[in-house]
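Working through the structure, step by step
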Amino acid sequence: MENTIQLALTSMIWVLPAYVANAAPVIFGGGKPLDFEKKFIDGKRILGNGKTLKGFIAGIIAGSFIGFVEGILIIGFLLALGAILGDLAGSFIKRRIGVKRGQPFWFLDQFDFVIGALLLASLVELPSLEIIIAILLITPALHILTNVMAYKLDMKKVPW
Ligand code: CTP
Ligand code: MG
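Here we summarise the structure given alongside this text. (Residues numbered from 1 in each chain as written. Chains lettered and ligands numbered in written order. Predicted model: local features only at pLDDT ≥ 70, side-chain atom pairs only at ≥ 80, totals over all residues. Heavy atoms only, no water.)

Another point: the side chain of K51. Relative to the helices and strands, K51 is located in the loop between α1 (2–28) and α2 (53–69). Overall, the relative accessible area of 16% leaves K51 in the buried class. Among the polar contacts listed, one links the side chain of K51 to the side chain of D87, at a separation of 2.8 Å. Filtering out sequence-adjacent residues up to four positions away, K51 remains in contact with P33, L34, D87, L88 and S91. (Helix = DSSP H or I, 4+ residues; strand = E, 2+ residues; numbered from the N terminus. Buried < 20%, exposed > 50% of the residue type's maximum accessible area, 1.4 Å probe, protein only. Polar contact = N/O pair within 3.5 Å; in protein donor to acceptor, adjacent residues only side chain to side chain. Contact = heavy atoms within 4.5 Å.)

With that out of the way, let us pick up the packing of α2 against helix α3 (residues 73–96). The interhelical angle for the contact between α2 and α3, taken along N-to-C directions, is 150°, at an axis separation of 7 Å. Classed by the angle they form, the pair α2 and α3 counts as roughly antiparallel. In the packing of α2 onto α3, the handedness of the crossing is right-handed. Residue-level contacts link G55, F56, G59, I60, G63, S64, G67 and F68 of α2 to L73, G76, F77, A80, L81, I84, L85 and L88 of α3. By residue class, the composition of the contact of α2 with α3 is ten nonpolar, six polar and no charged. (Axes fitted to C-alpha atoms, helices over the stretch in contact; angles between N-to-C directions. Parallel < 35°, antiparallel > 145°, perpendicular 65-115°, else oblique. Left-handed = near helix turned anticlockwise from the far one by under 90°. Nonpolar A, V, L, I, M, F, W, Y, C, P; charged D, E, K, R; others polar.)

Generally speaking, soluble globular proteins have nonpolar side chains that are buried together. Grouped together as the largest cluster of nonpolar side chains are 24 residues, with contacts concentrated most on W14, V15, A18, L79, A83 and I135. For this core, the secondary-structure elements that each account for two or more residues are α1, α3, α4 (108–121) and α5 (129–152). The element contributing the most residues to this core is α3, with seven residues. Other than its neighbours up to four places away in sequence, I135 contacts S11, W14, V15, Y19, V114, L118 and P140. (Core = buried A, V, L, I, M, F, W, Y, C linked by side-chain atoms within 4.5 Å.)

So, about α3. Residue pairs three or four apart in sequence face the same way in an α-helix, which turns once every 3.6 residues. Compared with an ideal rise of 1.5 Å per residue, which puts 24 residues at 34 Å, α3 spans 34 Å between its outermost C-alpha atoms and is within 8% of the ideal. For α3, the tally of buried residues reaches 17 of 24 residues, placing the bulk of the element in the interior. Where α3 ends, the next residue or the one after it, G98, has phi of about 85°, a positive value. (Expected span 1.5 Å × (residues − 1).)

Turning our eyes to something else, we now look at the site of ligand 1. The immediate surroundings of ligand 1 are formed by 17 residues, with K51, T52, S91, R95 and R101 found nearest. Side-chain polar atom of K51 to an oxygen atom of ligand 1: 2.6 Å apart, as the coordinates give it. Here an oxygen atom of ligand 1 sits 3.4 Å away from a polar atom, N or O, in the side chain of D87. Considering ligand 1 on its own, with 570 Å² of exposed area, one finds that the protein chains cover 85% of that surface. Listed by contribution, the elements that provide at least two residues to the shell around ligand 1 are α1, α2 and α3. The leading source of residues in the shell around ligand 1 is α3, at four residues. For the shell around ligand 1, the per-class residue count stands at three nonpolar, seven polar and seven charged. (Near = heavy atom within 4 Å. Areas by Shrake-Rupley, 256 points an atom, 1.4 Å probe, with all protein chains shown as cover.)

Here it is in structure tokens:
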């Protein structure tokens, strides 16, 4: 029991730059969309209005800052950049299959950013299999919980 809690905490602390990078745009995002309102060859938006330049920059800075505080600046930066890129890839896929901006796509919404973060961070450090499994188990639950909280606090228009 104690070991499980310890593993869960270690995992969350390690991946925290990715969590913060994914959450920061909700607070600091908005404004000019990253895709400059351009459409893809299928006639639909490349990313949509939910992915903005300010959110992109805020996510990388906030996530990297956490990495800096944790003394893992390079990994923190990679986790943050990976989380943001994973989130963008998720939106790109959502638009291609016709899911509107802000509409949910279960599993993809919960995993895109953390998969991106793990992939980019693995360029420098691959955490133990135990930690990876813990991250993949904890992240979706935490994602749903924090989004419902952000909705109740009027920080988000939708609870997902
Ligand atoms: N956000 C942002 N820039 C980003 C990512 C997010 O400004 N790069 C802000 C937007 O206001 C967005 C909110 O954070 O609406 C929540 O992010 P998310 O749920 O990832 O976006 P959605 O609006 O659901 O868009 P999508 O359907 O493309 O996932
Ligand atoms: Mg969303």
